[in-house]
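# Residue-level structure breakdown
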Amino acid sequence: MSIEENNKAIVGRWFTSFWGETCDLSIVDELAAPDMVLHYSLHEPRRGRDDIKAFMTDFREAFPDLSFWGAADLIAEGDYVVGRWEGGGTHTGPAFDDFLVGGLPAATGRRMRFTGTTVLRLKDGRIVEEIGLDDGVKALTQLGLIKTTA
């Protein structure tokens, strides 16, 4: 198996087990480098396994139906894998203040659905970096955290 095929298999497992319909946090210890960086436009960057697990725990408590899925085949070149995705969830859980532009009080019932593209860098079979470009404006508008003009 080529390095690209191996890296795509690792990222595929990560997307399914970490970002999928349910989250198995043990995947973080298995596939993430100890000092992995996770960075998306809606949130402060997260560094390290414990920080990444805490982020996902809080995110899924606030959005219990949170789920993301692939929108296209993964593309790999050397240590990099790129994936396009769709996803979202409904805020039915506790207050959530992790968004860079503000927070939500408990159980607003607001739903977000948005898309993005993520670039992951791997080293020695571990994910060292996940950088995502997402449609955060759309998600934050749906959640009522930013307003559109008339």
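Residues numbered from 1 in each chain as written. Predicted model: local features only at pLDDT ≥ 70, side-chain atom pairs only at ≥ 80, totals over all residues. Heavy atoms only, no water.

Let us now look at the packing of aromatic side chains. Evaluated as defined, the whole model comprises 15 aromatic pairs. Summarising the aromatic geometry, the rings of Tyr 40 and Trp 85 are spaced 6.3 Å apart at their centres and angled 70° between planes, so their arrangement reads as edge-to-face. A residue pair is termed long-range when its members are at least 10 positions apart, and Tyr 40 in the loop between strand S1 (32–39) and strand S2 (46–47) and Trp 85 in strand S5 (residues 80–90) qualify at 45 residues. In this structure, Tyr 40 and Trp 85 share a single accessibility class: buried. (Phe/Tyr/Trp six-rings, centres within 6.5 Å; stacked < 30°, edge-to-face > 60°. Helix = DSSP H or I, 4+ residues; strand = E, 2+ residues; numbered from the N terminus. Buried < 20%, exposed > 50% of the residue type's maximum accessible area, 1.4 Å probe, protein only.)

Moving on, we get to the nonpolar core. Trp 14, Phe 18, Trp 19, Phe 59, Phe 63, Phe 99 and Met 112 are the most contacted members of the largest nonpolar core, which has 36 residues in total. At the level of elements, helix H1 (3–18), helix H2 (26–31), S1, helix H3 (49–62), S5, strand S6 (96–99), strand S8 (111–123) and helix H4 (136–142) are the ones that each hand at least two residues to this core. Apart from residues no more than four positions distant in its own chain, Trp 19 is found in contact with Trp 14, Leu 38, Tyr 40, Phe 55, Met 56, Arg 60, Ser 67, Phe 68 and Glu 130. (Core = buried A, V, L, I, M, F, W, Y, C linked by side-chain atoms within 4.5 Å. Contact = heavy atoms within 4.5 Å.)

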